[in-house]
Structures are given as C-alpha cells and as structure tokens.
Amino acid sequence: MKKKKPWGGRFSKPTEKTVEEFTESISFDRRLYKYDIEGSIAHARMLGKIGILKKNEAVAIVKGLEGIRKEMDDGRFSFSVELEDIHMNIEKRLIDKIGPAGAKLHTARSRNDQVALDIRLYLRDVIKEIIGCTSEFKSVLVDKARADIAVIIPGYTHLQPAQPVLFSHYLLAYWEMLERDRERFTDCLKRVNTMPLGSGAIAGTSFPVDREYVALLLGFDRITKNSMDAVSDRDFIIEFLSACAILGMHLSRLSEDLIIWSSQEFGFIELPDAFCTGSSMMPQKKNPDVLELVRGKTGRLYGNLLSLLTTMKGLPLTYNRDMQEDKEPLFDSVDTLTSILRLLTELISGIIVKKEAASTAASQGYMWATDVADYLVEKGVPFRTAHEITGKLVGYCIQSGKGIKDIEISWLKRFSDRFEKDIYDIITPEAGVNMRRVAGGTATEMVLKRIREIEEDDL
Ligand code: ARG
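Definitions and cut-offs
Residues numbered from 1 in each chain as written. Predicted model: local features only at pLDDT ≥ 70, side-chain atom pairs only at ≥ 80, totals over all residues. Heavy atoms only, no water. Near = heavy atom within 4 Å. Polar contact = N/O pair within 3.5 Å; in protein donor to acceptor, adjacent residues only side chain to side chain. Areas by Shrake-Rupley, 256 points an atom, 1.4 Å probe, with all protein chains shown as cover. Phe/Tyr/Trp six-rings, centres within 6.5 Å; stacked < 30°, edge-to-face > 60°. Lys NZ or Arg CZ within 6 Å of the ring centre and 35° of its normal. Pairing = 2+ DSSP bridges. Helix = DSSP H or I, 4+ residues; strand = E, 2+ residues; numbered from the N terminus. Buried < 20%, exposed > 50% of the residue type's maximum accessible area, 1.4 Å probe, protein only.

### Focus on the site of the ligand
Every residue lining the ligand is accounted for by Ser-25, Asp-85, His-87, Arg-111, Asn-112, Val-115, Tyr-319, Gln-324 and Lys-327. Contacts to the ligand include Ser-25, whose side-chain N or O atom sits 3.3 Å from a nitrogen atom. In the environment of the ligand, a nitrogen atom lies 3.5 Å from a nitrogen or oxygen atom belonging to the side chain of Arg-111. Against a free-state accessible area of 340 Å², the protein chains account for coverage of 88% of the ligand.

This is the structure in structure tokens:
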C-alpha cells in the first residue's frame, strides 16, 4: 500500500511514481540523518521547555528519535522514496513508533528551516574535518622541508630554468598556500555556525519559540536575523565549495610539479611505489596516476561550485525546490577533497628526493645569469648594460658549449673589464640560493628561520 504523504491532506490523487522518483532526495540526503535527528531533538526539547509539548511528549519524542538514530546507525532502517526526503522519512517513522506525540514534533517548523539547519550542522563537522586534514598535510610539508633542507632544485618560470631554489623553499610555498586555505575554511565556519530554525517556511512562526535556546543546545554562535534570508540563501555552501575549489587548485598544481619531476627526463624525485600504478601493456611503466587523478578531480571541485552558483542565480526569494540540488555537489566535493588530502599527505611523506640529480640540474640552464648581472651592477655597471653583457655571455656559452666556470678570467674580461676572480664564487647554485637572504627569500638561513617560526607557532 502507498504510504500517506505527511503533506497529503489537500490532494485527492496519489503522486505519480515517476514524479516521486524525480523529486526524491532520500537517496542522497539520508547522509544527513544524524544532523536531522540532532536538530529535531533540540527542537523537541525547546517545545517542551516553552510548554507547547508536554514534558512526557518531549521525552517520548527524544527517545523515539534516539531509537531511529540507532536503527539508522545499524543499517536497519528502511528508507522510502515515497516519503521523499530524510526529514519525512524520520518524521513518519517517529509517528509509527511513538504514536500521536510524534505528530507534534513538526510544530513551529518547516522543512525549509529544517533543511537549512541540517546542512549547517553537517558542514560544521565537515569543515572541522577538512581543517584537520589540511593541518596534517601542512605538518608533513614542514617535516619534509626540514629533512631535505640541503637539496637545491632548479626553480622555474614559464617552465624554463629561472633561478636555483631550495626544495624546502618550494615545499614551504605550499605550506603558505595551505595555511590560507585553512584560514578560508575557518572563516567560512564562522558564518556556517548560525542557527536558522524558527524561520519556518518563510516568515517565521507565531509560536513563542525560544530560538536562542535551540542555538545553545546545538552549540551555534548566533541565530539568523531574517527568516527569508535564512530559508533562501545557500551562500554558506557556495563559500565552502569555493574554498574547496581553491584548495583543490593548489593541490593540483603541486601534483603537476611532482608528475613532471618524477619523469625520466627530470628525475628529481622518486614517487613511492605504493602510490603508483603500472601499465597493462608496457612492463617498464610506473605511472603517477594518483597525482594525475588529483589534478583530474579538481575539475569536479570547480564543477560543483559552478553547479550551485548556477542553481541559485535566478531563484526568486525565498525557498524553491531547485535548492534541493545543493546537496549532491556538496557531498561530492567533501568526498573528493577529503580523499585527495589523505592520499596526498601519505604520498608526499613517501617521496624520495634525488639530491644529486636535482643539484646537477640546478647548475645547468645558465641560472647564474641574474647573479652575474647583479655582480656587474655592484661593480658600477648600470643594470640595463649589465643585462646586455650577461646576455652576450650566455650566448657565448650556448655557442661554445662551455659552462661559465670553464671560461678563464682573461676571456671573461672581453665581455666586461669589471669581471674579477671573485665572479667564480657566485656562479654556483649554493651561492645563488644563499645570497637571497631577503625576508621570504630562498637562502638556507631564511628557510630555516621560517621552519622554526612555523614549528613554534604549532606548539
Ligand atoms: N528535500 C528538500 C531539500 O532538500 C527539503 C525541503 C523541502 N521543502 C519544500 N518546501 N518542499 O531542499
């Protein structure tokens, strides 16, 4: 027999099965069950406190809801598409379990403020989890930066060798990015942590509800100040999805570098075997599929953000059923991002850096050129002229196939009479790195200082 809809009163015909299938959300919003129950328990307690429910009714409802939670925890609950969504599945079960008192739970509440509450409760937990994963990732970066402090790599702009940098400096660049990501999530959490219940369907409720009490029971920092805003906006999810997309973008770029560096042509790093896969045809292959999928799945994170922005952009105030489409992109971003963070954290800590190969590469590519030009400037040559002279010198090296260190001083003086023997001291990758002692620069001393700062802040 067809289940009676909680909203069925004004209808004379049953809903088409195809319509039920098209409009249902229980297949995905069942994921919110813990939060829906937590919210309903707080609502029932409040209704008991203000006398709308008798004490024994409130107690029966709370006990009933706890029983339903147990059924769901144990996988014993049978979810019904006819009952549309998680809210009505739970309400109907409550009425079946405890009788008429259950039918009073929805007093002074609409699914519109209820669903807004559920998502906020869910997001609160999820954001804390993502902040935790991000922090773990950051500590792996610092540990690795400390362990590999002696490794110099070529730094690139336009993917052309630019200037030598410490590998640790590179890793800490990501530390800084991820710290800002963490801040974005923390900031988003402030706005998520606002309690919407009491807004009803749109206009609030005529019952003398105690919204502050519900907020207190559920650990919210504040209550929403406008019922129409509270039931109609999803900007807090959009902010979250945007923070996910930005973090994904960072991790995707990191993955791209690691893919390049682990290639035979670069060979600066060795990826842990357990995080690579082989080819079904080519026996020699060790492919960086995890990193490629991090890059690939970042597309989903962007798509999810765009999906909700698009869903929301034309909606007349207040609630519209379109907004049910907020959940799948949200859940997908949560799943995608948490698995990316967990996998990458392990992968990074298992990377082996090939110090020799990296440092050989760092001594090629004429990366001394900026320092040679700066050297001439210090000897009184105007920068533009110094740039020109050094350019000619690079051209000569390319043509003759020589490194600058193999060119005698007498020959160097043909390019500029300001060259002295001390030029040979500044053309090594080590010198190139360690002369950059500016705050935020790549000198070992500065990078170690930053590592210490980070470690002290973490204490
Ligand atoms: N399943 C709905 C959603 O996710 C719950 C709110 C339904 N409200 C309504 N007026 N039909 O948005």
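### A look at the packing of aromatic side chains
Using the criterion set out here, one finds 16 aromatic pairs in the structure. With a centroid separation of 4.8 Å and 50 degrees between ring planes, the pair formed by Phe-77 and Phe-79 is classed as tilted. One aromatic cluster is present, built from ring pairs that chain together Tyr-156, Phe-167, Tyr-170, Tyr-174, Trp-261, Phe-266 and Phe-268. Above the face of the Phe-236 ring, Arg-120 is positioned so that its terminal group lies 3.9 Å from the ring centre. Lying over the aromatic face of Trp-411, Arg-414 brings its terminal NZ or CZ to 3.8 Å of the ring centre.

### Things to note about the pairing of strand S2 (residues 160–166)
For a regular strand, side-chain orientation follows a simple rule: the groups alternate between the two sheet faces. Two elements, strand S1 (residues 152–157) and S2, share six bridges in a ladder whose sense is antiparallel. Bridge pairing links Pro-154 to Pro-164 in S2. Where S1 folds back onto S2 in an antiparallel hairpin, the turn is made up of two residues, including His-158, whose phi is positive at roughly 55 degrees.

### Topic: unusual backbone geometry
A cis amide bond links Leu-317 to the next residue, Thr-318, at an omega of 10 degrees. Structurally, Thr-318 is set in the loop between helix H11 (289–312) and helix H12 (327–349). Here the phi dihedral of Glu-84 falls at roughly 65 degrees; this positive angle occurs in a residue that is not glycine. Following the sequence through the fold, Glu-84 ends up in the loop between helix H4 (55–73) and helix H5 (86–98). In this structure Glu-84 comes out as buried when scored by relative accessible area, which is 7%. Phi at His-158 is positive, roughly 55 degrees, even though this residue is not glycine. Among the secondary structure elements, His-158 is positioned in the loop between S1 and S2.

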